[in-house]
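Each chain is listed here by its residues.
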Amino acid sequence: MPSDGTTPHKITGRRYCGAVLLVSDHLPATVAYCHCSDCRRWTGAPLPAFAAFDADHLSARPDQGSGISHTQGVTRWNCAACGSPVMARFEYLPDQVYNPLGLIDQAADLPPALHCHADAAYPWLHLQDDAPRVFGSARNTLNDAT
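Residues numbered from 1 in each chain as written. Predicted model: local features only at pLDDT ≥ 70, side-chain atom pairs only at ≥ 80, totals over all residues. Heavy atoms only, no water.

Turning our eyes to something else, we now look at the overall build of the protein chain. If you tally the helices and strands in the protein chain, you get two helices and 10 strands. Ordered by position in the sequence, the α and β elements of the protein chain form the string β-β-β-α-β-β-β-β-β-β-β-α. In terms of overall size, the protein chain behaves like a compact globule, its C-alpha atoms giving a radius of gyration of 15 Å where 146 residues would be expected to give roughly 15 Å. For the protein chain, the C-alpha atoms occupy an extent of roughly 40 × 35 × 25 Å along the three principal directions. The burial tally for the protein chain puts 42% of its 146 residues in the buried class. Across the protein chain, contacts joining residues at least 24 apart in sequence account for 55% of those joining residues at least 6 apart. For the protein chain, the computed accessible surface area is about 8100 Å², with 51% contributed by carbon and sulfur atoms. Charged side chains of the protein chain number 10 positive and 14 negative; the gap between the two group centres comes to 8 Å. (Helix = DSSP H or I, 4+ residues; strand = E, 2+ residues; numbered from the N terminus. Rg over C-alpha atoms; globule rule 2.2 N^0.38 Å. Buried < 20%, exposed > 50% of the residue type's maximum accessible area, 1.4 Å probe, protein only. Contact = heavy atoms within 4.5 Å. Areas by Shrake-Rupley, 256 points an atom, 1.4 Å probe, with all protein chains shown as cover. Lys, Arg positive; Asp, Glu negative; His and termini not counted. Charge placed at Lys NZ, Arg CZ, Asp CG, Glu CD.)

See the structure below:
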């Protein structure tokens, strides 16, 4: 792999209906699980996982517009055609775009390296991995990733 963070193959992703295409020539800055209730509600999953890209390294076609915000400091985009979660941005993580990992075609090669908001994990969820568990947002760790 080149030392500049690019990948020899494009990272691609698409929504359930195929209407939105994500493309990056760079690997994600990080991949993380998020146990917070906001991410769980948005994705409908008990443990969402996200790939974080530098905003300049990711394109979404067609353009996703201005997004919606139901939580202060968080903007999210959903596919207009099928409603799939597309991406999220967080004010405390400037210049980063988070995409649900399940939408990325190369997800099998992008294991999560961190659990964010581990203190909010469901008590019945027992994931056996070696990724560090961070209570709260892990904003410092995630900001350092880019």
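With that settled, consider the side chain of Ser84. With respect to the helices and strands, the residue Ser84 is situated in the loop between strand 7 (74–78) and strand 8 (85–90). For Ser84, the contacting residues outside a window of four places in its chain are Arg15, Tyr16, Trp77, Asn78 and Cys79.

In this section: the pairing of strand 3 (residues 30–34). Buried residues dominate strand 3, accounting for five of its five residues. Of the pairings in the sheet, the one linking strand 3 to strand 4 (residues 49–54) comprises four bridges and is antiparallel in character. Note that in strand 4 the partner of Val31 across the bridge is Ala51. Judged from the two bridges that link them, strand 3 and strand 10 (residues 115–116) form a sheet pairing that is parallel. Within the sheet, the bridge partner assigned to Tyr33 lies in strand 10 and is His115. (Pairing = 2+ DSSP bridges.)

With respect to the element layout, Asp56 can be found in the loop between strand 4 and strand 5 (59–61). Exposure remark for Asp56: the relative accessible area of 73% places this residue in the exposed category. The sequence separation of Asp56 and Ser24 amounts to 32 residues, and the corresponding C-alpha distance is 9.2 Å.

With a phi angle near 70 degrees, Asp95 is a residue other than glycine that sits in the positive phi range. Tracing the backbone through its elements, the reader meets Asp95 in the loop between strand 8 and strand 9 (96–100). A positive phi angle, near 55 degrees, is found at His117, a position not held by glycine. When you line up the elements, His117 lands in the loop between strand 10 and helix 2 (139–145).

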